[in-house]
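In case you want the letters, here they are:
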Amino acid sequence: MSEILNISALSSAIQQVHTVLQASAANAVNKSLTIRNWLIGYYIVEYEQNGKDRAEYGEKVIDVLAQKLKHINGIDRRSLFKFRQLYLVYLNLHKPIQGFIRGSFGLMQEKSTLPIVGTLSAQLDELFMNKKVETLSTHLPENLQTPPEVLISKLSYSHLELLIAIAEPLKRTFYEIECIKGTWSVRELKRQMASLYFERSGLSQNPEKLAALVNQKTQPQAPKDIIKNIYAFEFLDLGIQAVVEESDLETALLNHLQYFIIELGNGFCLEARQKRILIGETYY
């Protein structure tokens, strides 16, 4: 191991270790969250096609499921529909997810008495070899798709939730690639979609110059932005109040309020961020 010669080198080494492992931890949470949601979507579709009592519930399957799972943070009727859609739009994620299942579910498969867990990897093999599933949209040829291993490791579930709303595969792939290249935050992806970046790029005489200009104005996503995501809080079963100090919340609210008042223009005033108020004989 190389010798650290001075305090600057020591500081730099510690910073590098922190940055790399912080990003690794954030990516691990994101990847696990995406895999969980995709698998839930798979289970729902598989039940809709082969469930023994599916006729009894008809179109109310997700409503019944939401009621039975309401004790799990972040799982409700809306999210279950989204998970189902995630699975149907991103069928190609089955490849990296199979590898995850074989690696992480080994002990669970040995001990589980539930066939739906114990034989999951084999079920996915059979499902995709025989092409039993119907998709929500026509997919691009495999050589034009974003590699699934890259998708699952570079984009969070929150990114994918925005992307599944795009019906056109080519347009969706465009945003996947640009988002990965520019390390866009979820907010930035939403902003670029709203600005019709895909359509503007198609009309531009110099798409490369437009892409450079777009990414010049964006701020890359940081690991802390990933962890602060509400889906990560729910997945880890953390209440927001468990990770947000009152002073942090106050600062954030005041910052946004200040920007909002500035945007309103003349005639509005923010007197102070904190002001002493006398109520009775007590100052607050």
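Residues numbered from 1 in each chain as written. Predicted model: local features only at pLDDT ≥ 70, side-chain atom pairs only at ≥ 80, totals over all residues. Heavy atoms only, no water.

Chemist: So what's going on with helix 4 (residues 77-89)? Residues and values would help.
Modeler: In a regular helix each residue adds 1.5 Å, so 13 residues correspond to 18 Å; helix 4 covers 19 Å between its end C-alpha atoms and thus fits that length. For helix 4, the complete set of buried residues consists of Ser79, Leu80, Lys82, Phe83, Leu86, Tyr87, Leu88 and Val89. Its side-chain oxygen 3.3 Å from the backbone nitrogen of Arg78, Asp76 forms the N-cap of helix 4. (Helix = DSSP H or I, 4+ residues; strand = E, 2+ residues; numbered from the N terminus. Expected span 1.5 Å × (residues − 1). Buried < 20%, exposed > 50% of the residue type's maximum accessible area, 1.4 Å probe, protein only. Polar contact = N/O pair within 3.5 Å; in protein donor to acceptor, adjacent residues only side chain to side chain.)

Chemist: Which residues make up the nonpolar core, and what values go with them?
Modeler: Across soluble globular proteins, nonpolar side chains have a tendency to be buried as a group. Ranked by internal contacts, the top residues of the largest apolar core, which has 41 residues, are Trp38, Leu80, Tyr90, Ile97, Leu163 and Tyr175. At eight residues, helix 1 (residues 7-50) tops the list of elements feeding residues into this core. (Core = buried A, V, L, I, M, F, W, Y, C linked by side-chain atoms within 4.5 Å.)

Chemist: Can you lay out the packing of helix 1 against helix 4 for me, pointing to particular residues and giving the numbers?
Modeler: Packed helix pairs are specified by the crossing angle of their axes together with the interaxial distance, meaning the distance between the axes. For the pair helix 1 and helix 4, the least separation of the axes is 7 Å and the interaxial angle reads 90°. As summarised for this structure, helix 1 and helix 4 are arranged roughly perpendicular, according to the angle between their axes. From helix 1, Thr34, Arg36, Asn37, Trp38, Ile40, Gly41, Tyr42, Ile44, Val45 and Glu48 reach across to helix 4, where they touch Leu80, Phe83, Arg84, Leu86, Tyr87 and Leu88. Class assignment of the residues belonging to the contact of helix 1 with helix 4 gives a composition of 10 nonpolar, three polar and three charged. (Axes fitted to C-alpha atoms, helices over the stretch in contact; angles between N-to-C directions. Parallel < 35°, antiparallel > 145°, perpendicular 65-115°, else oblique. Contact = heavy atoms within 4.5 Å. Nonpolar A, V, L, I, M, F, W, Y, C, P; charged D, E, K, R; others polar.)

Chemist: An account of the pattern of salt bridges is requested, with residue identities and associated values reported.
Modeler: Under the criterion given, the structure shown has six salt bridges. For Arg84, the salt bridge is made with Glu48, and the minimal N-O distance between the two is 2.9 Å. With Arg84 in helix 4 and Glu48 in helix 1, this residue pair connects regions lying 36 residues apart in the sequence. On the basis of relative accessibility, which here comes to 25%, the residue Arg84 falls in the partly exposed class. (Salt bridge = Lys/Arg side-chain N within 4 Å of Asp/Glu carboxyl O.)

Geometric descriptors of this kind do not, in isolation, establish any biological role.
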